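Secondary and tertiary structure notes
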Amino acid sequence: MPRTLSVLALAASLSCTTFAAKPAPTSPRSIQAFDTDWRFSQSDPADLEAKSPAFIDRQWQTVTLPHDWAISGPVSQTAPSGPAGGFFPTGVAWYRKTLDLPKLDPTRRTYIVFDGVMANSDVYCNGAFLGHHPYGYTSFYYDLTPHLHAGINFIAVRADNSRQPASRWYPGAGINRHVRVVTTAAVHIAPWGTFVTTPKVSGDQATIHIRATAANDSDSPATITLSADLTSPSGTHSLIAASRPATLAPHTTQDLDVETTLPHPDRWDLDHPALYTATATLQANNKPIDDEQVPFGIREFHFDPNQGFFLNGTHHKIYGAALHTDVGALGTAVPLAAWARRLTALRALGVNAIRTAHNPPAPEFLDLCDRMGFLVMDEMFDAWTVAKNPYDYHLYFKEWSLRDTADTVRRDRNHPSIILYSAGNEIHDTPHPDIAIPILKSLVDTFHQYDPTRPVTQALFRPNVSHDYDNGLADLLDVIGQNYRENEILKAHADKPTRSIVGTENTHDRNQWVAMRDHAEYSGQFLWTGIDYLGEAGKWPAIGSGSGLLLTTSLPRARAYERQSWWSETPMVRIARRVAITQKSPTDPGYEAPNAPAPTRFTQPLVLDWTPANSSPHTENIEVYTNAEEVELLLNETSLGTQKLHPDATPITFQVPYAPGVLKAVARTAGRVVAEDTLRTAGKPTRILLTTALNPLAPSPKDQTLTPDWNDITYVSATLVDAAGTPVPDTTTVVHFTTAGPATILATDNGNLLDHEPFQSPDHAVYNGTALALLRATAPIGTITITASAPGVPPATLTLKATTAKQPTSQHSF
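Below, the structure is looked at part by part. As the structure is a prediction and not an experimental result, all values here were calculated from the model.

Turning to the pattern of salt bridges, a few remarks are in order. Across all of its chains, the model carries 29 salt bridges by this definition. Asp609 serves as the salt-bridge partner of Arg577, at 2.6 Å between the closest nitrogen and oxygen. Taken together, the positions of Arg577 in strand 32 (residues 573–578) and Asp609 in the loop between strand 33 (606–607) and strand 34 (619–626) put the pair 32 residues apart, joining distant regions of the chain. The buried category is assigned to Arg577, whose relative accessible area is 7%. Classification of Asp609 by relative accessible area gives buried; the value is 13%. Between Glu620 and Arg577 there is a salt bridge, with its nearest N and O atoms 3.5 Å apart.

Before going further, it helps to examine the packing of helix 4 (residues 397–412) against helix 5 (residues 433–450). For the pair helix 4 and helix 5, interaxial distance at closest approach is 8 Å and the crossing angle is 25 degrees. In terms of their interaxial angle, helix 4 and helix 5 are classed as roughly parallel. The hand of the helix 4/helix 5 crossing is right-handed. Facing helix 4, whose interface residues are Phe397, Leu402, Thr405, Ala406, Val409 and Arg410, helix 5 presents Ile439, Ser442, Leu443, Thr446, Phe447 and Tyr450. Within the contact of helix 4 with helix 5, the residues separate by chemical class into eight nonpolar, three polar and one charged.

Moving on, we come to the sheet that holds strand 42 (residues 713–721). Within a sheet, adjacent strands bond to each other through the backbone by hydrogen bonds, running parallel or antiparallel. With antiparallel pairing, four strands are arranged side by side in an open sheet as 40-42-46-44. Both outer strands of the open sheet, strand 40 (687–691) and strand 44 (743–749), are each paired with one neighbouring strand and no more. For this sheet the average axis-to-axis angle between neighbouring strands, irrespective of direction, equals 25 degrees.

This part is about the environment of Thr804. Turning to its location among the elements, Thr804 is positioned in the segment after strand 48 (793–802). Taking C-alpha positions, Thr804 is 9.3 Å from Thr705, a pair spaced 99 residues apart along the chain. Those residues within four positions of Thr804 in sequence are excluded, and the remaining contacts are Thr707 and Pro780.

The next thing to look at is the environment of Ala613. Mapped onto the secondary structure, Ala613 falls in the loop between strand 33 and strand 34. For Ala613 and Pro729, which are 116 residues apart along the polypeptide, the C-alpha to C-alpha distance reads 9.8 Å.

Judged by pairing direction, the sheet is antiparallel, and its three strands sit side by side in the order 11-12-16 without closing on themselves. Since the sheet does not close on itself, it has two edges, and those belong to strand 11 (187–201) and strand 16 (252–263), each with one partner. Averaged over neighbouring strand pairs, the angle between their axes works out to 15 degrees when direction is ignored. When strand 12 (residues 205–216) meets strand 16, the two strands line up antiparallel, connected through twelve bridges. In the strand pairing of strand 16, Asn216 is matched with Thr252.

Here the focus is the packing of helix 2 (residues 336–348) against helix 3 (residues 363–372). A pair of packed helices can be characterised by two numbers: the angle between their axes and the separation between those axes. Where helix 2 contacts helix 3, the two axes come as close as 11 Å, and the packing angle between them is 40 degrees. On the basis of their axis angle, the class for helix 2 and helix 3 is oblique. Taken as a pair, helix 2 and helix 3 cross one another with a handedness that is right-handed. Residues Leu336, Trp339, Ala340, Leu343, Thr344 and Arg347 of helix 2 form the contact with helix 3, whose participating residues are Glu364, Phe365, Leu368, Cys369 and Met372.

The end-to-end C-alpha distance of helix 5, which contains 18 residues, comes to 25 Å, matching closely the 26 Å that a straight helix rising 1.5 Å per residue would cover. Looking at the buried residues of helix 5, the elements they touch are helix 4, strand 25 (418–425) and strand 26 (456–460).

Quick look at the packing of aromatic side chains now. Within this structure, the stated rule accounts for 31 aromatic pairs. When the ring of Tyr135 is compared with that of Tyr393, the centres are 4.4 Å apart and the planes differ by 45 degrees; the resulting orientation is tilted. Taken as a pair, Tyr135 in the loop between strand 7 (128–133) and strand 8 (140–143) and Tyr393 in the loop between strand 24 (375–379) and helix 4 lie far apart in primary sequence, 258 residues in all. Residues Tyr135 and Tyr393 agree in their burial class; the two are buried. With centroids separated by 6.1 Å and ring planes inclined at 65 degrees, the aromatic side chains of Tyr319 and Trp513 adopt a geometry described as edge-to-face. Of this pair, Tyr319 sits in strand 22 (residues 318–323) while Trp513 sits in helix 8 (residues 510–517), and the two are 194 residues apart along the sequence. Take Tyr319 and Trp513: they sit in the same class, and that class is buried. Each member of the aromatic cluster is reached from another via a ring pair, and the members are Tyr135, Tyr137, Phe381, Trp384, Tyr393, Tyr396 and Phe397. Across the ring face of Trp400, the terminal group of Arg403 is positioned such that the distance to the ring centre comes to 3.9 Å.

Counting 124 residues, the largest nonpolar core has Trp38, Tyr95, Phe114, Leu343 and Trp384 as its most contacted members. Sort the elements by how many residues they give to this core and helix 2 lands first, with eight residues.

Calculation rules
- Residues numbered from 1 in each chain as written.
- Predicted model: local features only at pLDDT ≥ 70, side-chain atom pairs only at ≥ 80, totals over all residues.
- Heavy atoms only, no water.
- Salt bridge = Lys/Arg side-chain N within 4 Å of Asp/Glu carboxyl O.
- Helix = DSSP H or I, 4+ residues; strand = E, 2+ residues; numbered from the N terminus.
- Buried < 20%, exposed > 50% of the residue type's maximum accessible area, 1.4 Å probe, protein only.
- Axes fitted to C-alpha atoms, helices over the stretch in contact; angles between N-to-C directions.
- Parallel < 35°, antiparallel > 145°, perpendicular 65-115°, else oblique.
- Left-handed = near helix turned anticlockwise from the far one by under 90°.
- Contact = heavy atoms within 4.5 Å.
- Nonpolar A, V, L, I, M, F, W, Y, C, P; charged D, E, K, R; others polar.
- Pairing = 2+ DSSP bridges.
- Expected span 1.5 Å × (residues − 1).
- Phe/Tyr/Trp six-rings, centres within 6.5 Å; stacked < 30°, edge-to-face > 60°.
- Lys NZ or Arg CZ within 6 Å of the ring centre and 35° of its normal.
- Core = buried A, V, L, I, M, F, W, Y, C linked by side-chain atoms within 4.5 Å.

Have a look at this one:
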């Protein structure tokens, strides 16, 4: 997929990966999206009355899933979630929905699949209890078949995160991921039962191996075969010969395998994320009885202990960023267009890898990484048996961890983007090796049991204190990961050169980048974080952590361009004005001394403007970031000098006597201008600039459309500019958004984590001169107009066209 594809077009092309389409008539498996027309109440009726089909829910709110009810707020300094949860509300909520089955087929089985419920969910069908699932980040399913009847059936879900504090960041609340109903034959491919591997890959040919776990849920033996069809990225098909017949006894499972060799495979790569689709089909009596479509990529990767990471024989540094599951104003119920916008912005900075901190993501996020060519570290847990919060996962670890791990690996193992599994983040069990070592061994064994093709790591925490490198714990890992303390992990490799190493969490500090840059064995790093997030706020009035390269709106902080100068190969130069000293990063962020003051997680020491509050004569500290050989800085066309790129990666700095006008940086390589950047002094605001472009000063794409697909949203930036079009770095003016036509404003945002205006409000103050509205179409035809107004400037309008959503072309089942 070309990297120049717009965020909107990318999201539209990916909308199919979340909603499960009804299959073609010839498909023996039925997959039905089950997201719309749920009844919702943030309450807890007495005696579990809401589970009953007779319960009256007419007064409840109607919602579409995914749904994060906590993001509606309000935030409160006394909220039980505290600073870790961003001061957002918590509690019990119920969801109810009907499932209409005009008739029942006794030879079929019907399942309900949840991609995730936050948290501690109880699910009922027609009043019957199906099961309890504590972890909000893992997918699960229930067999509805014994509880269904012809006609109207009732599904009820109770989600409970009332016991707090339970998380170190904002986790959202409710059914915040997709739900599906899947109907299969009694003899069928087991949930997450198809596994596609490529044991041998080269440019000349690739071996494709498909294993499907067949399940016989009938009372009679069944003789079956497995066949498969491969669809290439270009749409061509190739059949794989059927397996030998196998006879399954009643209520048993069995693995069936087929394999083929593919000449000249179209390999998945960072800049060429080619995807194949395998359709695995079970047959009985030469007739298909069940099938499953599985997208996959053909690629080979490995970690070399001394040279780092290789993909398809080419060496790459892993330029990673950690991401939590919220996207600011939308909370944790995230349309793909929002993720596409974020990943597009990160890619422009040179990021090529994502760490799903500190939990498995929604499956469609992995689809997006597959299609955009990102590498992924798929992480499982933030706690084992030792608590970080009174009500976190440690309460459930012993009973649930291996089950959650197995289910996640089986769900995720076909994604070519995943190159690492992580068994945990900063686990506090490790000071107790008698506890931690058996746990880690069991987790690693579980990862390997269900996916022997990928290495396992762990984000080790203070390993020299807990002696992880000496007592054998670290060497249980295929790739050793450590958070921060770069010299320690480099020494661990020097002490034992057979160890492959990766930085699982690292700050934005220059010395940490240089440690990776200058050591081939250091395969990569994952920054903490790629994007600001809600929660882990430190202290009121902050509601989130400003640790990102990007704000919650996907707009860049100044430090993003320093990172771009280190990680991007595209020639660039950017000017930043230093307004404060950058706070020294803690050695172990999030684990300050017990009596230390709560950290401030929202600072802005650098700004991207030439409009200081003090307009009298004074000296400004200017930093210039570039990957070119040299930079010349000019003020009002007068050169202030030329400096060479610093080998130690420190920024190029200038002491500039302030004068209003134009500050310009010209970057050259081999004497040729390769990039330029300009800052202008802003005057008084005279108008609002509206755009749907990722850059708030760029024009909107031509003929932009918006569909009523849940995944298809657009961000509209409203930026205050002066008469010359220069952005005004205001932080007080309130913008009011309205729409006309078939669209609704889902939320507004500005990226300011000190702002307590509800995200659902149509009014939001600008931050660094910009506020944003998030739109979704409500019908497939018509003209959408959004208007932004603010005191002292005329209103601005932008027009989009509503259009029909694309039909899904692929689907998740389980």
